[in-house]
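# Structural overview for review
Residues per chain, in single letters:
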Amino acid sequence: KKVGRSSEDGKLKPMFVQFVLEQVWNVAGAFLMDPDAEKGAKIVAALQLSVPDRELRNTNRSEALRSVLSRWLPLAAAVLSMVVEQLPSPAAAQPERMCRLLQTAAPPDAVADEINALEESLRTCDPDAATTVAFVSKMFAPETSLAGREPSFIGFTRVFAGTLRVGDVIQVLGPRHDPSVADSPHARPATVSALHLMMGRDMVPVASVPAGCVCGVAGLEQQVLKYATLSSTRSCRPLSFMTFQAFPIVRVAVEPSILGELPQLIRGLELLNQADPCVHTMLQESGEHVIMAAGEMHLERCLKDLREIFARISIEVSLPLVQFKETLASSGELYVKSVKASTANRLCEFTVRAVRLPGCIRRRIVKEEDTLRDAHSVLSTTAGEPSPAVHASLEGIREAFRDADPRENPPRDDKPTREDKSTREDKPSAREDKPTREGSSTRDDRARVLEREGSEAASENGSTLEGGSTRGDKVG
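So, a few notes on the structure that sits alongside this text. Just so it is clear, the structure is predicted and the values come from calculations on it, not from any experiment.

Analysis parameters
Per chain, residues are indexed from 1 in the order of the written sequence. Totals for whole chains, interfaces and linings use every residue, but because this is a predicted model, local features are given only for residues with pLDDT of at least 70 and side-chain atom pairs only at 80 or more, for both listing and counting. Processing note: side-chain calculations cover all non-hydrogen atoms of the structure and skip hydrogens and water entirely. Each residue is assigned to one of three classes by its accessible area relative to the maximum for its type, calculated with a 1.4 Å probe on protein chains only: buried under 20%, partly exposed between the two thresholds, exposed over 50%. Helix and strand labels come from DSSP, where a helix needs a run of H or I of at least four residues and a strand needs a run of E of at least two; each type is numbered from the N terminus. Arc definition: directions from the helix axis to the C-beta atoms. Polar contacts here mean pairs of N or O atoms no more than 3.5 Å apart (in protein, one a potential hydrogen donor and the other a potential acceptor; neighbouring residues in sequence count only if both atoms are side-chain atoms). Any two cysteine sulfur atoms lying within 2.5 Å of each other are counted as a disulfide. Paired strands are those between which DSSP finds at least two bridges. Whenever a helix is involved, its axis is fitted only over the stretch in contact; in every case the axis is a line through C-alpha atoms, and angles between N-to-C directions fall within 0 to 180 degrees. We define a salt bridge as a contact between a side-chain nitrogen of Lys or Arg and a carboxyl oxygen of Asp or Glu at a distance within 4 Å. The contact rule is simple, with two residues in contact once any of their heavy atoms fall within 4.5 Å. Working definition: a ring pair exists when centres of Phe, Tyr or Trp rings (six-membered ring for Trp) sit within 6.5 Å. Plane angles under 30 degrees give stacked, over 60 give edge-to-face, the rest tilted.

### Description of helix H2 (residues 37–46)
Looking only at H2, the buried set comprises Gly40, Ile43 and Val44. When H2 is viewed along its axis, its buried side chains cluster within an angular range of 100° and face the same direction. Seen from the buried face of H2, the exposed residues on the opposite side, beyond 90 degrees, are Glu38, Lys42, Ala45 and Ala46. Backbone nitrogen of Glu38 and a side-chain oxygen of the N-cap are separated by 3.2 Å at the start of H2; the cap is Asp36.

Rendered as structure tokens:
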């Protein structure tokens, strides 16, 4: 047999398909897609698996397949073995990791020698280094601390140099810490009250953690909000802060169901902000307390934690808030402004440009205002599907957007022109004909807007206005 990169006759399959995928497909086919008890028994015997007969005869074929696969390829063992075989050790990965975490600028002359020696120990991942350096990437509340009292936070930490021990007094360095300043306000002392090894959902207490290990550090909740650098000396430059691939894009306003529980809500928002590195909380100028999350699922989890863990009160949540911003543009200005931005991983850059709505779009939206309002009320709930009329209206607006020209109908002064006055004089308003009911003035205003914009569009195309006269006739 030969192993090559291509097949001359095109009949050979990739090795991954032959040796991996086809074997998994055979097992799945025998137990789920095309159940065959005899074939399934042969597969179990060939793989030398010990599966009880009652699990193989399970009427739920998905459970039977899961029983075979969990004994053939256990997920935990498979993932752990791949981590051990493929990922580099901390000592091997440290030099490459430090290129992104250490500052590239030259250190201050006053502490240059000490900082250079310290950063060299960081690159070598030396557990016997004289200076201990670690980085807290997030704060979390373990489940064991949530039994009826305010949660206590533990810092999820990686030790980069030295050995961290229980009882050590360390310096918590903020991102603005300057090691050349003797009394830097961005360095605060803290005592390590406990250390834990993360073993899945369990936390094993330990007395010390050497360089290269990940651990949980207790005693930092008063000094660390989201992330920080830990060092046994102030003569250490802070490591680069964490960058996240997702930014908060969904925001809602929250308020307590009982107004007297507002202090509990404020404290709960502070704890939520500390516990989740991807969530932001803020107080707007309007007095609303706002939560900003990375998505709908993330928002649901944040609200659940706020109700059950951090605030422990009933809260009311608004619909997602959308920022509305507007500006002014001159009549000859087609594009208001262009804004450039990039994704979090810097792999994609895009430009957003604001364009005024063409006249045909404005007229279409005003004309079908009631239909659009009905569509919004239906689509914003799960009560049912929009009617065919709503579907037709939405499709018409989509086509109007596709066919619209942004240069159509430049902005005009809101003051009525002489042609607009004469047009309205030709057709008396509904108010002069008969008394209107409450709420009909809005419809009359909308009708006049439609009539005025229709007259403008018709006059620009040389069409005849209502009453049989053209704009040329009027002006003449």
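### Describing the state of the cysteines
In protein chemistry, a disulfide is the covalent bond that joins the sulfur atoms of two cysteines. Considering all chains together, one arrives at zero disulfides under this definition. Distance from the sulfur of Cys278, which forms no disulfide, to the nearest cysteine sulfur (Cys302) is 8.9 Å. On the accessibility criterion, Cys278 (22% relative accessible area) is partly exposed.

### Digging into the pairing of strand S12 (residues 280–283)
Sheet topology places S12 next to strand S13 (residues 289–293); four bridges connect them, and they run antiparallel. Paired with Met282 across the strands is Val290, a residue of S13. Hairpin connection from S12 to S13: five residues lie between these consecutive antiparallel strands, with Gly287 at a positive phi of about 95°.

### Re the sheet that holds strand S6 (residues 194–199)
Spatial strand order, S5-S4-S10-S1-S2-S9-S6-S7: eight strands in an open sheet with antiparallel pairing. Because the sheet does not close on itself, it has two edges, and the strands there are strand S5 (187–191) and strand S7 (202–206). Each adjacent strand pair in this sheet contributes to an overall mean axis angle of 35°, direction not counted. As defined by bridge partners, strand S4 (residues 169–173) adjoins strand S10 (residues 228–231) across three bridges and the pair is classed as antiparallel. Counterpart to Leu173 in the pairing with S10 is Thr229.

### Concerning the pattern of salt bridges
Tallying each qualifying case throughout the model produces ten salt bridges. Across the pair Glu270 and Arg267 runs a salt bridge whose closest N-O atoms are separated by 3.1 Å. Highlighted residues: Glu270 and Arg267, both in helix H8 (residues 262–275), separated by three residues, approximately one helical turn.

### What about the pairing of strand S1 (residues 133–140)?
Among the eight residues in S1, seven count as buried, and that is most of the element. Pairing between S1 and strand S2 (residues 154–161): seven bridges, direction antiparallel. Residue Phe135 lies in a different strand from S2, and its bridge partner there is Arg158. In terms of strand pairing, S1 meets S10 through four bridges, oriented antiparallel. Among the inter-strand pairings, Ala134 is bridged to a residue of S10, identified as Leu230.

### What about the environment of Thr371?
Relative to the helices and strands, Thr371 is located in helix H11 (residues 369–379). Taking the relative accessible area as the measure of exposure, Thr371 reaches 27% and is therefore partly exposed. Counting along the chain gives 22 residues from Thr371 to Ser393, while the straight-line C-alpha distance between them is 7.3 Å. Those residues within four positions of Thr371 in sequence are excluded, and the remaining contacts are Ala389, Val390 and Ser393.

### Structural notes on the packing of aromatic side chains
Scanning the entire structure with this criterion turns up one aromatic pair. Between Phe153 and Phe310, the ring centres sit 6.4 Å apart and the planes meet at 10°, which makes this aromatic pair stacked. Within this pair, whereas Phe153 is found in the loop between S1 and S2, its partner Phe310 is found in helix H9 (residues 296–310), the two being separated by 157 residues in sequence. Here Phe153 and Phe310 have matching classes, each one buried.

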